[in-house]
Amino acid sequence: MRLQMSDLSFYKGKRVLVTGHTGFKGSWIVKALCMAGASVTGYALDPPTEPSLFEMAGLDKDINSVKGDIRDFASLKKCFDDAQPEIVIHLATQPLVRTSYKEPVYTYETNVMGTVNLLECVRLTDSVKSVVNVTTDKVYLNLERAEGYKEDEVLCGYDPYSNSKSCSELVTYSYNKSFFAERDIAVSTVRAGNVIGGGDYALDRIIPDCVRAAEKGEDIILRNPASIRPYEHVLEPVSAYLLIAMEQYKASLLEGSYNVGPLDSDCVTTGELAGLFCDAWNERTGDKIGVKHQGDNGPHEATFLKLDCTKIEKTFGWSRKWDIKTAIEKTVEWTVNVKNGADCGEEMEKTIKEYYKTDC
């Protein structure tokens, strides 16, 4: 099924707890939930970037935003006690490969023990019926093959970030089998590819790097132009998270692990992605930015990764809305409009409505 805004009426009045809500993906899912009429509580540290999409869009005015560290069990438990959520979407993470090499202990504490804390709170909270733990496509033992990885394949991420997310998957499996199997709680993990979209200001991500260069009128510098990643617009996985959380709330047998990624035709190299960005940016602004390659001898990062998304397609009828070219164009449109003074929150709402193709 292609979820419409009318379908999201399911969330009207539902109590939803989103961890990591001040991040890029968290901000988009919070905005969609607020548009659907959900009662949203967020639990996270301060926004991880400056500028911050969460702050620019004024999302703190629309939800109960709780400042807290996912590693702090007592603080997280109090948030659960106060919110009494029915649905939990777990996004809190240390999300960057390069940072994980610099801070491996912090990465494991956040991504593994953070998941333990989250699921322990779920275990102790009777109101919860549906949980989605957002992990990553990088959880798999990546042999850099042409075929996409399926959900039942070996989990063994290489770098500390990817490996910590593999561990998060295993923690979720254990908690589900040990504590939730005989309770009416549905728990799924969702493994999404690299996301792009308006309002991402993170370091060491290709599109934010492109935006920073373009706004300065500079050419884009790439360190790994031949790397292939499953890039997709942020609303693709956001729609999947909301769909899975909703459907397993209704029927817990639908819980499981699900891949979310683009079609094979949209798995492009980093160089191709940057080229599409330059084309879209130059057409919209009249600039003439280009791309340059400059290796930096950085740590290991996979050069090839694809996902097989047959399971989510067959189970829920989920399908992608925007191809990679459209995703880039929507990202550039949002960025340029906000740069020229458009209201950030209104631009988010417009993009979400365009994605779902119907008014709230």
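In what follows, the structure referred to is the one given above.
Residues numbered from 1 in each chain as written. Predicted model: local features only at pLDDT ≥ 70, side-chain atom pairs only at ≥ 80, totals over all residues. Heavy atoms only, no water.

Colleague: How do you make sense of the environment of cysteine 267 when you look at a structure like this?
Modeller: If you trace the backbone, cysteine 267 turns up in the loop between β11 (257–260) and β12 (268–269). Residues cysteine 267 and tryptophan 322, 55 residues apart in the sequence, show an inter-C-alpha distance of 13 Å. Setting aside residues up to four positions removed in sequence, cysteine 267 forms contacts with Ile228, Arg229, Pro230, Pro262 and Lys306. (Helix = DSSP H or I, 4+ residues; strand = E, 2+ residues; numbered from the N terminus. Contact = heavy atoms within 4.5 Å.)

Colleague: Help me out: how do you make sense of the pattern of salt bridges in this one?
Modeller: A pair can form between side chains of opposite charge whenever their charged atoms are brought close. Counted by the stated rule, this structure contains 24 salt bridges. Note that arginine 320 is salt-bridged to glutamate 313, the shortest N-O span being 2.9 Å. Take glutamate 313: its relative accessible area is 28%, and that puts it in the partly exposed class. In this structure, glutamate 347 and lysine 350 form a salt bridge, with 3.4 Å as the shortest nitrogen-oxygen distance. One end of the pair is glutamate 347 and the other is lysine 350, both in helix α12 (residues 344–356) and three residues apart, which spans about a single turn. Linked through salt bridges whose partners overlap, the residues forming this network are Lys31, Glu349 and Lys353. (Salt bridge = Lys/Arg side-chain N within 4 Å of Asp/Glu carboxyl O. Buried < 20%, exposed > 50% of the residue type's maximum accessible area, 1.4 Å probe, protein only.)

Colleague: How should the pairing of strand β4 (residues 87–90) be read in this particular structure?
Modeller: Both faces of the sheet carry side chains from a regular strand, because those side chains alternate between them. Residues Ile87 and Ile89 line one face of β4 and the alternating positions Val88 and His90 line the opposite face, and both faces are buried. The pairing of strand β1 (residues 15–19) with β4 spans four bridges and is classified as parallel. Within the sheet, the bridge partner assigned to valine 18 lies in β4 and is isoleucine 89. Direction of pairing for β4 relative to strand β5 (residues 130–134): parallel, over a ladder of four bridges. Across the sheet, residue valine 88 finds its bridge partner in β5, namely valine 131. (Pairing = 2+ DSSP bridges.)

Colleague: I would appreciate a short explanation of the layout of surface pockets in the present structure.
Modeller: Summary: where empty space remains is shown by rolling a probe the size of a single water molecule over the atoms. What the second largest pocket holds in volume is close to 330 Å³. If you go around the second largest pocket, you meet 18 residues; those closest to its centre are Tyr173, Thr189, Arg191, Gly256 and Ser257. Mapped onto the lining of the second largest pocket, the elements with two or more residues apiece are α6 (160–180) and β6 (186–192). In terms of residues, the lining of the second largest pocket owes the most to one element, α6, which gives six residues. When grouped by side-chain class, the residues that make up the lining of the second largest pocket number four nonpolar, six polar and eight charged. (1 Å grid on protein atoms, 1.4 Å probe; cavity = no way out; pocket = protein on both sides within 12 Å on 5 of 7 lines; lining within 4 Å. Points joined across faces, edges and corners; volume = space filled by probe spheres on them. Nonpolar A, V, L, I, M, F, W, Y, C, P; charged D, E, K, R; others polar.)

Colleague: How should the nonpolar core be read in this particular structure?
Modeller: Here is a general trend for soluble globular proteins: nonpolar side chains tend to be buried in one another's company. Within the largest apolar cluster, 59 residues are counted, with the highest numbers of intra-cluster contacts made by Tyr11, Trp28, Ile29, Leu33, Leu242 and Ile312. By residue number, the principal contributor to this core is helix α8 (residues 235–250), which donates ten residues. In this structure isoleucine 312 touches Ala240, Ile244, Tyr258, Asn259, Val260, Gly317 and Trp318, once residues within four positions along its chain are discounted. (Core = buried A, V, L, I, M, F, W, Y, C linked by side-chain atoms within 4.5 Å.)

Colleague: Can you help me understand the sheet that holds β1 in this one?
Modeller: Sheet strands pair by backbone hydrogen bonding; their relative direction is either parallel or antiparallel. The seven strands lie next to each other as β3-β2-β1-β4-β5-β6-β11, forming an open sheet whose pairing is parallel. Of all the strands in the sheet, just β3 (64–67) and β11 have a single pairing partner and so form its edges. Direction aside, the axes of adjacent strands within the sheet are offset by 20° on average. Relative to β11, β6 runs parallel, the two being bridged by four bridges. Along β11, the bridge assignment pairs threonine 189 with serine 257. (Axes fitted to C-alpha atoms, helices over the stretch in contact; angles between N-to-C directions.)

Colleague: Looking at this model, I keep getting lost on the packing of helix α1 (residues 24–36) against α12. Mind explaining?
Modeller: Think of two packed helices as two axes; the pair is described by the angle between the axes and how far apart they sit. Interhelical geometry of α1 versus α12 gives an angle of 75° and a closest axis separation of 10 Å. The angle between α1 and α12 places the two elements in the roughly perpendicular class. Counting all contacts with α1, which are made through Ser27, Trp28, Lys31, Ala32 and Met35, the residues of α12 involved are Gly345, Met348, Glu349, Thr351, Ile352 and Lys353. Of the residues belonging to the contact of α1 with α12, the class tally is five nonpolar, three polar and three charged. (Parallel < 35°, antiparallel > 145°, perpendicular 65-115°, else oblique.)

Colleague: Where do I start with the packing of helix α5 (residues 104–123) against α6 in this structure?
Modeller: Relative to each other, α5 and α6 sit at 20°, their axes nearing to 9 Å. In terms of axis orientation, α5 runs roughly parallel to α6. Seen along the crossing, α5 lies across α6 with a hand that is right-handed. When α5 is examined against α6, the residues Pro104, Thr107, Tyr108, Asn111, Val112, Thr115, Val116, Leu119, Glu120, Val122 and Arg123 are found in contact with a partner set consisting of Pro160, Tyr161, Asn163, Ser164, Lys165, Cys167, Ser168, Val171, Thr172, Tyr175, Phe179 and Phe180. Broken down by class, the residue content of the contact of α5 with α6 amounts to 13 nonpolar, seven polar and three charged. (Left-handed = near helix turned anticlockwise from the far one by under 90°.)

Colleague: Before we go on, may I ask you to explain the environment of glycine 193 in this structure?
Modeller: Secondary-structure assignment places glycine 193 in the loop between β6 and β7 (195–196). Given the relative accessible area of 8%, glycine 193 is considered buried. Residues glycine 193 and tyrosine 231 lie 38 residues apart in sequence; the distance between their C-alpha atoms is 6.0 Å. Each residue touching glycine 193, except ones within four places of it in the same chain, is listed here: Asp137, Pro230, Glu232, Val260 and Leu307.

The values are spatial; any link to function lies outside them.
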